[in-house]
Amino acid sequence: MDKNLSGEDIDDIDWDTEDELEIQEIQEIQDTVFSSCTDLRTTGQHVVCCNGEASSSSVSFRSKFIQQFIVMGFPEESIAKAIEQNGENSDSVLDALLTFKALDDSPEEQPSTSPQLEPSISSDDSASEYNENVSDDVYEEDNWSSDADNCTTVKQCYLNDEGRSLSEKEKMLLFLANMGYPGEEASIAMERCGPEASLPELVDFICAAQMERAEDPYLPEDVKPKLKHILNDCGGYKKRKMCNELCKRKKQKEISGEETIRLPKPMIGFGVPTESVPTMVQRILPVKTTGPPFFYYENVALAPKGVWDTIKRFLYEIEPEFVDSKYFSATARKRGYLHNLPVGNRFPLFPLPPRTINEALPLSKKWWPSWDARTKLNCLQTAIGSAKLTDKIRKAVEKYNGEPPMEIQKYVLYQCKKWNLVWVGRNKVAPLEPDEVEMLLGFPKNHTRGGGISRTDRYKSLGNSFQVDTVAYHLSVLRDLFPNGINVLSLFSGIGGAEVALYRLGIPLNNVVSVEKSEVNRNIVRSWWEQTNQRGNLIHFDDVQLLSKDRLEKFIESFGGFDLVIGGSPCNNLAGSNRVSRDGLEGKESSLFFDYVRILDDVKSIMSTQR
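Residues numbered from 1 in each chain as written. Predicted model: local features only at pLDDT ≥ 70, side-chain atom pairs only at ≥ 80, totals over all residues. Heavy atoms only, no water.

Please clarify how the packing of aromatic side chains should be interpreted in this entry.
What describes a pair of aromatic rings is the distance from one ring centre to the other and the angle between the planes of the rings. Summed over all chains, the structure comprises 15 aromatic pairs. Residues Trp 308 and Phe 322 carry aromatic rings whose centres are separated by 5.3 Å and whose planes lie at 85° to one another, so their mutual orientation is edge-to-face. Placement of Trp 308 in helix α11 (residues 307-314) and of Phe 322 in strand β7 (residues 321-324) is noted, with a sequence separation of 14 residues between them. Classification of Phe 322 as buried rests on a relative accessible area of 4%. Taking 5.1 Å as the distance between ring centres and 75° as the angle between the ring planes, the aromatic pair formed by Phe 314 and Phe 594 counts as edge-to-face. With Phe 314 in helix α11 and Phe 594 in helix α22 (residues 593-610), this pair connects stretches of sequence that are 280 residues apart. The exposure class of Phe 314 is partly exposed, given its relative accessible area of 36%. Residue class for Phe 594 comes out partly exposed when judged on its relative accessible area of 30%. (Phe/Tyr/Trp six-rings, centres within 6.5 Å; stacked < 30°, edge-to-face > 60°. Helix = DSSP H or I, 4+ residues; strand = E, 2+ residues; numbered from the N terminus. Buried < 20%, exposed > 50% of the residue type's maximum accessible area, 1.4 Å probe, protein only.)

Please explain the pairing of strand β11 (residues 486-491) as it appears in this structure.
Consecutive residues of a regular strand have side chains that alternate between opposite faces of the sheet. Within β11, six of the six residues are buried, leaving the element largely enclosed by the surrounding structure. Inspection of the sheet shows β11 paired to strand β12 (residues 509-515) by six bridges, in the parallel sense. Looking at the pairing, Ile 486 lines up with Leu 509 of β12. When β11 meets strand β14 (residues 564-567), the two strands line up parallel, connected through four bridges. From the neighbouring strand, Leu 491 faces β14, where its bridge partner is Gly 567. (Pairing = 2+ DSSP bridges.)

Looking at this structure, I do not really get α11. What am I missing?
In an α-helix, one turn spans 3.6 residues; hence positions three or four apart end up facing the same way. α11 sits mainly inside the fold: six of its eight residues count as buried. Listing the buried residues of α11 in full gives Val 307, Trp 308, Asp 309, Thr 310, Ile 311 and Lys 312. Phi turns positive, to about 65°, at Tyr 316, one or two residues after α11.

Would you explain the sheet that holds β12 in this entry?
By definition, the strands of a sheet pair up through backbone hydrogen bonds, in either a parallel or an antiparallel sense. With mixed pairing, the seven strands of this open sheet are ordered in space as β7-β8-β6-β14-β11-β12-β13. Both edges of this open sheet fall to β7 and β13 (537-541), since each of them pairs with a single strand only. Sheet twist, expressed as the mean angle between neighbouring strand axes with direction ignored, is 20°. As paired elements, β7 and strand β8 (residues 334-339) share four bridges and run antiparallel to each other. Paired with Val 323 across the bridge in β8 is Arg 335. (Axes fitted to C-alpha atoms, helices over the stretch in contact; angles between N-to-C directions.)

Explanation requested: the packing of helix α13 (residues 387-397) against helix α14 (residues 406-419) in the structure shown.
For any two helices packed against each other, one specifies the crossing angle of their axes together with the interaxial distance. Running from N to C, α13 and α14 point in directions that differ by 155°, and their axes come no closer than 10 Å. As far as their axial angle goes, α14 and α13 are roughly antiparallel. In the packing of α13 onto α14, the handedness of the crossing is left-handed. Counting all contacts with α13, which are made through Leu 389, Lys 392, Ile 393, Ala 396 and Val 397, the residues of α14 involved are Ile 408, Tyr 411, Val 412, Gln 415 and Trp 419. Its residues assigned to classes, the contact of α13 with α14 comprises eight nonpolar, one polar and one charged. (Parallel < 35°, antiparallel > 145°, perpendicular 65-115°, else oblique. Left-handed = near helix turned anticlockwise from the far one by under 90°. Contact = heavy atoms within 4.5 Å. Nonpolar A, V, L, I, M, F, W, Y, C, P; charged D, E, K, R; others polar.)

Help me understand the confidence of the model for the chain, please; the structure alone is not making it clear to me.
A low pLDDT means the predicted coordinates there should not be read in detail. Of the residues in the chain, 66% reach a pLDDT of 70 or more, and the chain-wide mean stands at 75. Segment residues 105-163: pLDDT under 50, and 165 contacts once partners within four positions in sequence are set aside and those in other chains are kept. Every residue in residues 253-259 scores below 50 in pLDDT, and together they form 10 contacts with partners more than four places removed in sequence or on other chains. (pLDDT = per-residue confidence, 0-100.)

Spelled out as structure tokens, the structure:
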């Protein structure tokens, strides 16, 4: 299952999304193109560009990470402070900058005695797998407002409406803003060219409009030379060149095979109980995947580019099924599942789990403020918000008799979404209790308590588990296929999410070989096995790397083969939170995926020779 970074819990926020990388690429290309077309004149410690703007000679040495915030209009001092508090985490740094600006812009609303509010956490406020960026995990609607059309620049529009995730339209407008186009011209171009227009098409439209305006006979004569100079020398040419270079790079990536798999939206895979995708219910699997055993592999959906293409290539070119567990429960959990199971005639677990926060945690409804519009929790983490943080929130909110000012609301909501904090009293928030996390993930109450472990270990074990209701929906097709019971090889077994799902589906567990390195997790599974009076055999094995073909042959000879090989290899080097060693499937932990492939191939080979 998803393993936490060694010794450290870090936010699981979406990193290196396509839009973020495009912005970074634009900045990189700007540096190259601008230097080639700009007339540079050295004046002391500054460099003057052909348009008269001065920039420090140290610009070329600034990181691209800092540059993306400078072009948005944020002061370098604030950027440095935000990076110091949050590290090189684009989402967190941006939220910090927006909060700094909100607090600076409204000093009269801040009592002199109020605590300093920072959209960041101290070193002891650690988190881990916060999968899927803070807002987009739960909210996917388009929040675009027509007010942007009245802004002078897109950057101003972006800053005027802080604290929310960007729609696709806004992201495209932000790209154009980073290229220097006025917001009005960018908005008109998107309106005329349509919502599906590409970046080159929009740039062509804007440049054509500017050139046409330059030839307008009614345009004042003193304006024409300046406009033509901007277009020909340092304006339209360099922007068009920059855009062409960006598109060239993207085309090269497509040719090289990088990220040919795109995540669907909504993320419902081949269908969920509340919504179906009829055109995808039937699928044709490669011939080599037919016959025993069935297999089921899981990992984080938002992996680095190319990872799911590699996974697909090693698992028989089967299309992954990407599903967000918010369609099954009150919490989001974006995962990819690659399997050879049938996808028709699925059914959910009953009783159906609560689908909203108020249904799952009814006691919190009394204290829930009207300005907290959350109905779903974000991806559950392996760590929780600290008492220091919750006390800071209480002090910030209780200073006001009614609703707190907007900047206070934004700060509180940021932290609540990030840490999945819920309202437990007047002006009081608290992290979820372990039994509440168990319920949200589909496990029985006190499931992790049976291992005799600390609360911290319980959170960690739960944060790295399956969402049982989601997995059970996919495995439900096995009930009619194995009415007399099933033999399971459970790799990276964790706290037994697969075993619990099969048991809740009413499928007898005849023999389970559970491979799990953590002794804590093995104890949890053993305790659950005994408490539920399982009649089959549970065999523990502690290391997938030591599970050899000879050992597999002995298992298969003992009880006639495996019916299902299931598991999810560690996501340490795949999760967006890992800015240090996000090395993909080549990383130390996530490379264990190839042991899943090796073991599956060995099982198929052994069983095919015995048939």
